[in-house]
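Given next are the chains, with one letter for each unit.
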Amino acid sequence: MKKLFALLAFFGLLFISCSDDDATITTTPPPEPITYTSGTADFSNYVALGNSLTAGYSDAALFIDGQTASYPNMLAQNFSLAGGGSFSTPFMADNLGGATLNGTPILGNRLILSFATGSPTPVPVSGQGSTEISNTLTGPFNNMGVPGAKSFHMVAPGYGNLAGVPVGLANPYYARFASSASATIIGDAAVQNPTFFTLWIGNNDILSFATSGGSGVDQTGNLDPSTYGGNDITDPNVFASVYDGLLQTMTANGADGVVINLPDVTTIPYFTTVPHNPLDPTNPAFGPQIPLLNTIFGTLNQIYTAIGQTNRIVVFSETEASPVVIRDESLADISATIAGALLANGPAFEAFIAQFGLPPQAAPLVANLLGATYGQSRQATPEDLIVFPSASVIGTVNTTSVQNLVAQGLSTQLAGQFSVEGVSLPLADKWVLTPDEQASVATATASYNQTIAALAQAYDLAFVDANAYLQTIADVGIPLSDGSTITASYGTGGGFSLDGVHPSPRGYALVANLIVETINAKYGSNLPGVDPLDYTGLYIQ
């Protein structure tokens, strides 16, 4: 199944009218130059702390142009108008984004929108990135954004230890510029004695759980982050303790700064692009199969109805788009009930499997296979969020499933019919963020944001409500001076990059302006912000 993404281009035309009539020309003196001031803040040594959002990550990679268009770099340019000093960044080696460790590729290239196949499709740029992780850089660096970092990683010694990268115990991005193998991100930031800082951290404490379709664990109640998995939700008390410690460190010498709260990750294109009902009856690979599919599920639907589980019923429409079939781990596993009910039908079930060319002796095998496959399945609803990468999976044949079914005695053809992702084979948990999983994300987000707001007040720091702002982008968009509007629509909205998670350079410009507005209000500065139209909304090949 393919998702077509259209591009919108906005052009401004400048019309200049001239007159040959003789007239007295009146000249207007140029306006007085604006003097920018920092107010009560001191921008002379600015350090930015955070994760991929701070680093300038976009289009699924970190690369030079993206780092140059990071919001901290935009802020630093504004700060330079009012006493700000130099701002250094641990740049990647090129604009490909990929990286190697001792010559072995470990990071993929950035995405770009390609028209090579006729329809716009996000694809990795070609070539091998020249960034070698073991070629460590000499700092210090003002941009301390580390892609992938969670809150507790900021204080973890060894998070930049090059030796830990191959075994997943260290971060390759931080390993490139950590001051030592035992350094911490917060330590490398504090030693620079910043006069002003920004802190945007905590997104990954929730995001990895969400983008994995909730395949991690909500660790609320577990205060030991060393036991967490990569896709787990951080305990709110752990987050609060770490965040308080970060602010204690950064303000110890009197620095002012900005803290930024966390957006509702479920509003980003990664979760809003693929609909819950993408199965098109006019698709020649799907439509002709609908009668047979409804016959198969009709047998199961009778069982669901009999046991009062009508929420599991699956019906594919021959006239409208149908929802995908998903596996929902919150449902009770009724595999044994399904198998038992099918076998209890005796001759009727044997006649059912005969249409697939199977003998009566295969009845137990098929009954158990159907029970195992559909014991926790249902059709998706509008409340389910189907993650973006599933677009390349839905409707395809799962070869692993085919191999397993063939090993159990089915023909390759029949195994293939029962292995179509989202149709005859329920989409795995990693492809869907269910309402229960969304609730875990929402609870953690609300708790983290409450902590950030309270600590901003306690430390008398500027507080940026990125959550509300990004919700506005998702709901109605942000108008620009050329008449265009930045939205969260994938590919066409201009606010997000092709990975569906990180802002585009133009989206980062909106974030920078929001931060500037907050700084001006809090510290009495008059920084001008940036023009979002100076930054691209989408890289096109």
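Keep in mind the model is a prediction, meaning the values are calculated, not measured. (Residues numbered from 1 in each chain as written. Predicted model: local features only at pLDDT ≥ 70, side-chain atom pairs only at ≥ 80, totals over all residues. Heavy atoms only, no water.)

Draft legend 1. Here's a closer look at empty space enclosed by the protein. The tally for this structure, following the rule as stated, stands at five cavities of 30 Å³ or more. Of the voids in this model, the largest cavity is the one considered here, and its volume is about 150 Å³. Among the elements of the structure, helix 1 (52-55) and helix 6 (204-211) are those that each provide at least two residues to the lining of the largest cavity. Partitioned by chemical class, the residues of the lining of the largest cavity number 10 nonpolar, five polar and no charged. Computed from the structure, the second largest cavity encloses a volume of approximately 120 Å³. Along the walls of the second largest cavity sit Phe 356, Leu 358, Val 366, Leu 369, Leu 370, Thr 373, Tyr 374, Leu 405, Leu 410, Leu 414 and Phe 418, which together make up its complete lining. Sorting elements by how many residues they give to the lining of the second largest cavity places helix 12 (residues 363-374) first, with five residues. Of the residues belonging to the lining of the second largest cavity, the class tally is 10 nonpolar, one polar and no charged. (1 Å grid on protein atoms, 1.4 Å probe; cavity = no way out; pocket = protein on both sides within 12 Å on 5 of 7 lines; lining within 4 Å. Points joined across faces, edges and corners; volume = space filled by probe spheres on them. Helix = DSSP H or I, 4+ residues; strand = E, 2+ residues; numbered from the N terminus. Nonpolar A, V, L, I, M, F, W, Y, C, P; charged D, E, K, R; others polar.)

Draft legend 2. Quick peek at the layout of surface pockets. By volume, the largest pocket is sized at about 1,000 Å³. Taken together, 36 residues form the lining of the largest pocket, with Pro 147, Gly 148, His 153, Tyr 159 and Asn 171 sitting closest to its centre. For the lining of the largest pocket, the elements supplying multiple residues, two or more each, are strand 3 (104-107), helix 4 (172-175) and helix 6. Per-element tally for the lining of the largest pocket: the top contributor is helix 6, with four residues.

Draft legend 3. Up close: the pairing of strand 8 (residues 196-200). Burial of strand 8 is extensive: five of the five residues sit out of reach of the surface. Pairing of strand 8 with strand 9 (residues 256-260), which is carried by four bridges, proceeds in the parallel orientation. Directly across from Phe 196, in strand 9, lies its bridge partner Asp 256. (Buried < 20%, exposed > 50% of the residue type's maximum accessible area, 1.4 Å probe, protein only. Pairing = 2+ DSSP bridges.)

Draft legend 4. Looking closely at the sheet that holds strand 2 (residues 99-101). Taken in spatial order, the three strands of this open sheet run 3-2-6, and their pairing is mixed. For this open sheet the edge positions go to strand 3 and strand 6 (131-132), each flanked by a neighbour on one side alone. Both strand 2 and strand 3 contribute to a ladder of three bridges, which runs antiparallel. Within strand 3, the residue paired with Thr 100 across the bridge is Pro 105.

Draft legend 5. Up close: the side chain of Thr 198. With respect to the element layout, Thr 198 can be found in strand 8. Overall, the relative accessible area of 0% leaves Thr 198 in the buried class. At a separation of 2.9 Å, a polar atom in the side chain of Thr 198 contacts the side chain of Tyr 46. Those residues in contact with Thr 198 that lie beyond four places of it in its chain are Tyr 46, Val 47, Ala 48, Leu 49, Tyr 71, Leu 75 and Val 258. (Polar contact = N/O pair within 3.5 Å; in protein donor to acceptor, adjacent residues only side chain to side chain. Contact = heavy atoms within 4.5 Å.)

Draft legend 6. Main features of the packing of helix 11 (residues 347-354) against helix 12. The geometry of helix 11 relative to helix 12 is characterised by a closest axis approach of 10 Å and an angle of 85° between their N-to-C directions. Between helix 11 and helix 12, the interaxial angle falls into the category roughly perpendicular. Contacts between helix 11 and helix 12 involve Phe 349, Glu 350, Phe 352 and Ile 353 from the first element and Ala 363, Val 366, Ala 367 and Leu 370 from the second. (Axes fitted to C-alpha atoms, helices over the stretch in contact; angles between N-to-C directions. Parallel < 35°, antiparallel > 145°, perpendicular 65-115°, else oblique.)

Draft legend 7. Main features of the packing of helix 9 (residues 290-306) against helix 10 (residues 335-344). Two numbers describe how helix 9 lies on helix 10: the axes approach to 10 Å, and their chain directions differ by 110°. By the angle between their axes, helix 9 is roughly perpendicular relative to helix 10. Considering only the axes of helix 9 and helix 10, their crossing is right-handed. From helix 9, Thr 299, Leu 300, Ile 303 and Tyr 304 reach across to helix 10, where they touch Ile 338, Ala 341 and Leu 342. (Left-handed = near helix turned anticlockwise from the far one by under 90°.)

Draft legend 8. Up close: the environment of Asn 526. Position of Asn 526 among the secondary structure elements: in the segment after helix 17 (505-523). For Asn 526, a relative accessible area of 30% translates into the label partly exposed. Once the C-alpha coordinates of Asn 526 and His 153 are considered, the two residues, 373 residues apart in sequence, prove to be 35 Å apart. Once you skip the residues sitting within four places of it in the chain, Asn 526 turns out to touch Ile 34, Thr 35, Tyr 36, Thr 37 and Asn 520. Engagement of the side chain of Asn 526 in a polar contact is seen with the backbone oxygen of Thr 35, the distance being 3.1 Å.

Draft legend 9. Fine view of the pattern of salt bridges. Tallying each qualifying case throughout the model produces four salt bridges. Two residues, Arg 378 and Asp 328, come together in a salt bridge whose shortest N-O distance is 2.8 Å. Taken together, the residues Arg 378 in strand 11 (residues 377-379) and Asp 328 in the loop between strand 10 (325-327) and helix 10 connect sequence positions 50 residues apart. Asp 328 gets classed as buried once you look at its relative accessible area, which sits at 5%. Between Arg 378 and Asp 384 there is a salt bridge, with the nearest N and O atoms lying 2.8 Å from each other. The buried category is assigned to Arg 378, whose relative accessible area is 8%. Relative accessible area serves as the criterion here: at 3%, Asp 384 is assigned to the buried category. (Salt bridge = Lys/Arg side-chain N within 4 Å of Asp/Glu carboxyl O.)

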